[in-house]
Amino acid sequence: MPTPRSLLGADGLRAVSPRLIPARYFAAIPGHVIALVLAGVCAWVALTFDGWWWLWIVAAVVLATRLPGLLLTPRRVRALGYLDREEDLVTASGIMFRSVTITPYGRVQSVELHEGPIERRYGIARISFSTASSHADGSIPGLPREEAERLRDLLTRRGIERMQSL
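Asker: Which parts of the structure should I look at to understand the overall build of the chain?
Answerer: A count of helices and strands for the chain gives 5 helices and 7 strands. Along the chain, helices and strands appear, N-terminal first, in the series β-α-α-α-β-β-β-β-α-β-β-α. Per-residue burial over the chain gives 36% buried out of 166 residues. Look at the contacts in the chain between residues 6 or more apart in sequence, and 49% of them connect residues 24 or more apart. Carbon and sulfur atoms form 63% of the exposed surface of the chain, whose accessible area is close to 10,200 Å².

Structural data, given as structure tokens:
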């Protein structure tokens, strides 16, 4: 089935659901809270006790490590893409270090659909698949539930068809 051009991104791949952005932010809340508490404790100790000025640096480093996740999440999600072609599945990810993987359907050995509580809340799922090569395993996060089921069935069906023809 050809893909309508309106569904394809600039690189010709289908984009994952934009609902993956708030889902990733929501999933990161515990880490952000821990970082804020740790930075707050460091700041409080630095203010309260003399000679503990260096804890300001620790607090700044803790907060700075959380900043890329907050700022780059939307761009990282927009960099994810996939395309189910006639003979293979193309997946892509990465901003600076772009990774594009082409997996022939005949190499697919298992396909799984994953949904955690956060993903279910946002109506998305993740497909993961394994191949005959341990280096070619892959996953596609942030798929709308219906699309994830369609893709799971497609990978399974075409994988079986291609394996039988060998």
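Following the structure, the description resumes.
Asker: Explain the sheet that holds strand S5 (residues 108–114) to me, please; I cannot follow it from the model alone.
Answerer: The pairing of strands in a sheet comes from backbone hydrogen bonds and takes either a parallel or an antiparallel form. With antiparallel pairing, 3 strands are arranged side by side in an open sheet as S5-S6-S7. In this open sheet, the two strands that pair with only one neighbour each are S5 and strand S7 (138–144). Sheet twist, expressed as the mean angle between neighbouring strand axes with direction ignored, is 20°. The pairing of strand S6 (residues 124–131) with S7 spans 5 bridges and is antiparallel. Bridge pairing in S7 places Ile127 opposite Ile140.

Asker: What is the right way to read the pairing of strand S3 (residues 88–93) from this model?
Answerer: Each regular strand displays side chains that alternate between the two surfaces of the sheet. In terms of burial, S3 is a largely internal element, 5 of the 6 residues being buried. Looking at chain direction, strand S2 (residues 81–84) and S3 are connected through 4 bridges and run antiparallel. The partner of Gly81 across the bridge, within S3, is Ala92. Relative to strand S4 (residues 99–104), S3 runs antiparallel, the two being bridged by 6 bridges. What sits directly across from Ala92, in S4, is Val100. The turn linking S3 back onto S4 is made up of 5 residues, and Gly94 within it adopts a positive phi angle of 100°.

Procedures and definitions
Residues numbered from 1 in each chain as written. Predicted model: local features only at pLDDT ≥ 70, side-chain atom pairs only at ≥ 80, totals over all residues. Heavy atoms only, no water. Helix = DSSP H or I, 4+ residues; strand = E, 2+ residues; numbered from the N terminus. Buried < 20%, exposed > 50% of the residue type's maximum accessible area, 1.4 Å probe, protein only. Contact = heavy atoms within 4.5 Å. Areas by Shrake-Rupley, 256 points an atom, 1.4 Å probe, with all protein chains shown as cover. Pairing = 2+ DSSP bridges. Axes fitted to C-alpha atoms, helices over the stretch in contact; angles between N-to-C directions.

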